[in-house]
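# Descriptive analysis of the structure
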Amino acid sequence: MESANFTSEPSPLSPLELSAKVRQDQGLHEADVSCGDEADLRPIFTTCTKNPEHIGFIPVHQFEACHLPLLYRDLNFVSYVRAMAGFTVRVLVRCISTKRPKEYPGTDNPYPFYHYKGAHFLRVGSGWVDGVGMTFLPENNRKCPCRKCAASEKPSYTWCQFWVHTALHVVYNREEAQHTQCELFYDSDTSRDLVSVLDGVDTVGSCLEDTCSILCVTHDIQVVDKLNLMWAELYQLQESMSKSLTRSGEMGRLSIIVSHPHGSSKRISVGEWTHRQSHGDDWTQYYYTTNTCPGSSGAPVYLLGKERGLQLVTNHPHSARCEDISLNTSGIWWE
């Protein structure tokens, strides 16, 4: 099968069964799929086979010191993790690009979703906002580049742009980016009215590293002010944490992932990174015990080790589960 379009081709499978098939066909990667759009995300969550009870996925507002290893059970550290979690986004993609390759370049390994290229169904991943964004006002004389404004006779000249990082198998290229929405602040099932939606415009990424950066825009310029306050709070917490949290000897190998498993509200999972693989100068890939699920692809992997001091750092998006079911792995990124 070279391609499939579920909007026009009848199938003997139910939407949930078709979703399961497409999800399985992506291999070890962990984007989630819903051929019944968002209505089926809840049933997909409850029938998960990788982590049936999702015990290791803590809602942000329930995250406490008891969820951390003893070495890190400090209230400032808990607040620090919660603050970082604020930058995670839910990534919703409703297009499979016709340009997806059949295999990873230079290998025989199949590329995710190639056999469904051209199809339109919901795929869900995670990602994170980098920085506070840039605001454009009418005096800048630059119209918003979103699809709606591009087709409008009265485009908006008041808008903001952001970069969102995720995995390339979640959002492959510009074609997919223009059918992508990133949702900020989806922290609980009761906070949907607080969600800010960013529309994808363009993307840059790398197949071999499985990393991607999406250029996103929104007409809600108050988002920039909110993110500015969040960054300021994060820096203050980092300073307080550094003063109150003391270490001796081994720093540990803490690994924290903030994601939207199965497209659900934001969850925090805690584990350890087991080893780091070098891919040339300053480019690395991590393996970790931290829980992930379909929908976690592209989520920020926050890492702490001897060389990092007290600060949790991420450049690496979650990429896939491993053949060894106790481990998961990140994409390759500079460090």
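Residues numbered from 1 in each chain as written. Predicted model: local features only at pLDDT ≥ 70, side-chain atom pairs only at ≥ 80, totals over all residues. Heavy atoms only, no water.

## A look at unusual backbone geometry
A positive phi is found at Asp37, a non-glycine position, where the angle reads about 60°. Its location among the elements puts Asp37 in the loop between β1 (32-34) and α2 (41-46). Its identity is not glycine, yet His262 carries a phi of approximately 60°, on the positive side. Among the secondary structure elements, His262 is positioned in the loop between β9 (254-259) and β10 (267-278). The exposure class assigned to His262 is buried, which follows from its relative accessible area of 2%. (Helix = DSSP H or I, 4+ residues; strand = E, 2+ residues; numbered from the N terminus. Buried < 20%, exposed > 50% of the residue type's maximum accessible area, 1.4 Å probe, protein only.)

## Some remarks on the environment of Glu183
Position of Glu183 relative to the elements: it lies in strand β6 (residues 180-184). For Glu183, a relative accessible area of 5% puts it in the buried group. Filtering out sequence-adjacent residues up to four positions away, Glu183 remains in contact with Thr88, Val89, Arg90, Leu92, Arg192, Val195, Ser196 and Val197. Within the local environment of Glu183, its side chain forms a polar contact with the side chain of Arg192, the two groups lying 3.1 Å apart. (Contact = heavy atoms within 4.5 Å. Polar contact = N/O pair within 3.5 Å; in protein donor to acceptor, adjacent residues only side chain to side chain.)

## Regarding the pairing of strand β7 (residues 196-206)
In terms of strand pairing, β6 meets β7 through 4 bridges, oriented antiparallel. The residue of β7 that forms the bridge with Leu184 is Ser196. Taken together, the 7 bridges between β7 and strand β8 (residues 211-218) define a ladder with antiparallel strand orientation. Its bridge partner lying in β8, Gly205 is registered against Cys212. Linking β7 back to β8 in an antiparallel pair, the connection comprises 4 residues, with Asp210 at a positive phi of about 55°. (Pairing = 2+ DSSP bridges.)

## Brief notes about the pattern of salt bridges
This model, assessed by the stated rule, comprises 13 salt bridges. Residue Asp32 is joined to Arg23 by a salt bridge in which the shortest nitrogen-to-oxygen separation is 2.5 Å. Each member of the pair, Asp32 as well as Arg23, carries the same accessibility label: buried. Among the salt bridges present, the one from Glu64 reaches Arg82, with a minimum N-O distance of 3.2 Å. Note that Glu64 is positioned in the loop between β2 (58-59) and α3 (75-85) and Arg82 in helix α3, a separation of 18 residues in sequence. The class of Glu64 is partly exposed, set by a relative accessible area of 38%. Taken together, the shared-partner salt bridges in this structure form one network comprising Asp37, Glu38, Arg90, Arg94, Glu183 and Arg192. (Salt bridge = Lys/Arg side-chain N within 4 Å of Asp/Glu carboxyl O.)

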